[in-house]
Structures are given as structure tokens and as C-alpha cells.
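Per-entry structural report
Each chain, letter by letter, is given below.
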Amino acid sequence: MKFKMFSVVVGKDACIASCPFCVSGCKPNKENLESPKVNFRNFNIACNLANRSGVDTVMLTSRGEPLLYPDQITGYLEVLKEYKFPFIELQTNCILVEKNRDKYDSYLKKWYQLGLTTITISVVSNKKEINKRIYQPNSEYIELENLIKYLHEIGFSLRLTCVMCKGMMDNEQDIENFINFARENKVEQVTLRPVNDEYRRQSAHDWIEINKLSQAKKEEIRGYLDRVGTRLLVLERIGSVYDVNGQNVMYSLPLTKYTRDENPENGRQLIFFPDGHIRYEWEMEGGILL
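Not measured: the values here are computed from a predicted model.

Definitions and limits used
The numbers attached to residues start from 1 for each chain and follow its sequence in the written order. In keeping with the model being predicted, local features are shown solely for residues with a pLDDT of at least 70 and side-chain atom pairs are shown and tallied solely at 80 or more, while totals for entire chains, interfaces and linings include all residues. Based on all heavy atoms of the structure, the side-chain values leave hydrogens and waters out of the count. Numbering goes from the N terminus for both helices and strands, where a helix is a DSSP run of H or I of at least four residues and a strand is a run of E of at least two. Partly exposed describes any residue whose relative accessible area lies between the buried limit of under 20% and the exposed limit of over 50%, with all areas from a 1.4 Å probe on protein chains only and scaled to the type maximum. What makes two residues a contact is simply this: any of their non-hydrogen atoms within 4.5 Å. Between any two strands, pairing holds if DSSP finds at least two bridges. Directions from the helix axis toward the C-beta atoms define the arc. Take the buried Ala, Val, Leu, Ile, Met, Phe, Trp, Tyr and Cys residues and link them wherever side-chain atoms come within 4.5 Å; each set so joined is a nonpolar core. Put simply, a patch holds well-exposed residues, over 30% relative accessible area, that have no salt bridge, with like charges counted together within 9 Å and Val, Leu, Ile, Met, Phe, Trp or Tyr side chains within 5 Å. Surface accessibility follows the Shrake-Rupley procedure with a 1.4 Å probe radius. Residue values consider only the protein chains on display as shielding. Here, a salt bridge means any side-chain nitrogen of Lys or Arg that lies within 4 Å of a carboxyl oxygen of Asp or Glu. Note on definitions: angles span 0 to 180 degrees between N-to-C directions of axes, and those axes are lines fitted to C-alpha atoms, for helices only across the stretch in contact. Roughly parallel means an angle under 35 degrees; roughly antiparallel, over 145; roughly perpendicular, 65 to 115; everything else is oblique. In this classification, Asp, Glu, Lys and Arg are treated as charged, Ala, Val, Leu, Ile, Met, Phe, Trp, Tyr, Cys and Pro as nonpolar, and every other residue, Gly included, as polar.

Considerations on the side chain of Thr-74
- Structurally, Thr-74 can be placed in helix α2 (residues 70–83).
- Since its relative accessible area comes to 7%, Thr-74 is described here as buried.
- Not counting residues up to four positions away in its chain, the partners in contact with Thr-74 are Tyr-107, Lys-110, Trp-111 and Leu-114.

What to know about the sheet that holds strand β4 (residues 118–123)
- Taking strand neighbours across the sheet as the criterion, the eleven strands line up as β7-β8-β9-β6-β5-β4-β3-β2-β1-β10-β11 in an open arrangement whose pairing is mixed. Taken across any chain shown, the strands that pair with only one partner, and hence form the sheet edges, are β7 (230–235) and β11 (278–279).

Details of helix α6 (residues 144–154)
- Listing the buried residues of α6 in full gives Leu-144, Leu-147, Ile-148, Tyr-150, Leu-151 and Ile-154. Across the axial projection of α6, the buried residues extend over an arc of 165 degrees, all falling on one side. Facing away from the buried side of α6, by more than 90 degrees, are the exposed residues Lys-149 and Glu-153.
- Looking at the packing, one finds that the buried side of α6 touches α3 (95–99), α4 (101–114), β4, α5 (128–135), β5 (157–164) and α7 (172–184).
- Of the residues trailing α6, Gly-155 is marked for its positive phi of about 130 degrees.

Quick look at the nonpolar core
- Formed by 85 residues in total, the largest nonpolar core has its most connected members in Phe-6 and Leu-151.
- Not counting residues within four places of it along the chain, the set of residues in contact with Leu-151 comprises Cys-94, Val-97, Leu-108, Ile-119, Ile-121, Phe-156 and Leu-158.

Focus on a nonpolar patch on the surface
- Together, Met-1, Ile-45, Tyr-280, Leu-289 and Leu-290 give the surface a local cluster of nonpolar side chains, amounting to about 390 Å² of exposed area.
- Relative to the assigned elements, Tyr-280 resides in the segment after β11.

Some details on the packing of α2 against α4
- With their axes 9 Å apart at the nearest point, α2 and α4 run at an angle of 10 degrees to one another. In terms of their interaxial angle, α2 and α4 are classed as roughly parallel. Residues Pro-70, Asp-71, Ile-73, Thr-74, Leu-77, Glu-78 and Lys-81 of α2 lie in contact with α4, whose contacting residues are Lys-103, Tyr-104, Tyr-107, Lys-110, Trp-111, Gln-113 and Leu-114.
- The class makeup of the residues in the contact of α2 with α4 is seven nonpolar, two polar and five charged.

What follows is the structure, given as C-alpha cells:
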């Protein structure tokens with residue numbers, strides 16, 4: 001089997017944010033903050049398989065917030081360094097970094113030396129008040145501009161990944177403002193991804209049904225990017241990459257039944273879980289290799 005991406009799951013499902021569309025929905029507690037033991041024997045098997053597939057990008061991700069498990073991130077990076085993957089990314093809302101720099105500064109600098117190349121920051125807007133409403137309605141949200149500057153100073157490339165929802169990021173003006181914000185702050189990459197409306201906990205499903213983008217809105221946004229940008233790459237079952245006035249922008253396809261391919265030589269992703277299971281499906285339990 002061959003794969004396009006290699007996702008490595010960090011920690012458990014705990015998260016400090018309150019995103020109503022998220023798979024987690026679990027606040028940190030004594031039990032879920034305990035870092036799970038990693039089966040590194042199987043992790044090496046997964047790394048070997050990813051290498052043999054020609055995977056160039058590893059995504060450190062989570063069912064919750066990976067920054068709650070910084071030592072596990074370090075452990076993964078120490079092993080990944082041996083396999084010489086060109087790009088290693090960390091997907092996070094980055095709230096912990098901005099609110100506790102004293103703790104995370106040494107981690108971030110070590111991760112940079114171990115080969116972490118890109119921090120992918122999850123947002124729903126470039127506007128603080130909208131991000132606050134989704135991520136931290138009961139406390140102050142971070143200053144994105146300050147966070148971006150700080151991470152750039154360490155040396156990381158950055159991607160702003162925007163989960164597009166109705167009334168937050170759903171029209172040409174919103175997209176233009178978001179892209180301009182990224183350009184002004186020298187963010188290397190932008191990903192625009194309509195909120196996924198499949199395979200969610202019930203409360204998230206109910207919220208998504210009200211706040212998801214219509215098909216017409218999705219086509220409007222794609223049409224806008226086609227009109228104002230230059231399409232650079234079309235990545236099968238992943239998305240399209242544009243240059244929009246010098247800003248890298250991807251319009252991402254969601255992980256759904258429509259982005260599956262039954263050809264074993266064309267798997268979308270290889271997924272490693274800390275307990276040692278290696279899968280090629282997030283939600284379908286039958287999609288397992290080990």
C-alpha cells in the first residue's frame with residue numbers, strides 16, 4: 001500500500017478550546033492529561049511504510065490539543081529525525097503557546113532543532129472576536145499577530161488553517177480579508193477548509209447542520225479563488241493550491257466517503273495511534289493495518 005500523507009496522533013482527546021464542531025469536546029482532567037504510552041516498535045514500522053510510500057510530509061495531530069502532551073511530541077520527533085522526512089508539521093490551536101510562553105519556549109526551540117518545520121494554526125477567522133466565540137468564549141483569545149511573529153522568530157514556517165463556517169468565513173470579502181491578513185503577517189501558507197459535516201459527535205453534528213456552508217457557498221469560494229488566483233497544483237482527493245497575489249492558498253477537500261479510493265496504491269493517509277495501531281481511516285474501524 002502507498003499513501004500521500006502520514007498523520008501521527010499525539011496524546012488523548014483533551015483540549016482547552018471549546019470548538020463546537022470538534023471531534024473532541026473533552027476538557028482536560030487528571031485522566032486524559034496523562035500522556036499515553038507510545039508503542040515505538042510499531043511507530044518505526046509506520047515510519048518505514050510512510051518512507052516506502054514516498055511520503056514527504058508528516059503531520060503531528062490529535063483528537064484534542066497536542067500541545068497538552070509536549071514530551072510525547074519530543075519523543076516522536078526524536079524518532080522521525082532518523083527517517084529524514086522533508087516536512088514535519090504540528091497541527092494546533094496554539095492557545096497554550098501564546099498564553100504560556102515560559103513553558104513552551106524551550107520545547108519549541110528543541111522541536112525546531114529536531115526537524116519540526118511548520119506550525120499549522122487552526123482558526124475560523126482572522127478576527128479575534130470570531131475566534132474567541134468559537135475557541136474560548138469564556139476567556140481572552142490570543143493575539144494572532146504576536147503569535148505569528150514569535151513563531152517566525154524561532155524559525156518556523158506557518159500555515160493558517162481556517163475551518164470555514166456560515167457567518168464567519170463564507171463569502172468573497174471574508175476570504176479576501178483573511179488572505180490579506182496572512183500576507184501582511186508573512187504567513188507562508190493558508191488552508192481554507194469547509195467544516196466537515198461527517199462523522200462527528202452528536203452535539204457537534206447538530207451545530208454543524210446549522211453552521212455548515214452550503215454547496216453553493218463552497219462553489220462561490222472556489223470560483224473566487226479561480227478568478228483572482230493562479231492554480232498551481234491539484235492534489236487528488238486533497239485539494240487545490242493557488243497563488244493569490246503572492247499568497248499561497250489551498251482550498252482543501254474534507255475527509256469524507258467522497259475522498260476515499262479503494263486502490264491500495266492510492267491511499268490518502270497513513271495514521272499512527274500511540275497504542276501502536278496503524279490505520280488508513282479515521283472513523284471506519286475496519287480500515288486497519290496493524
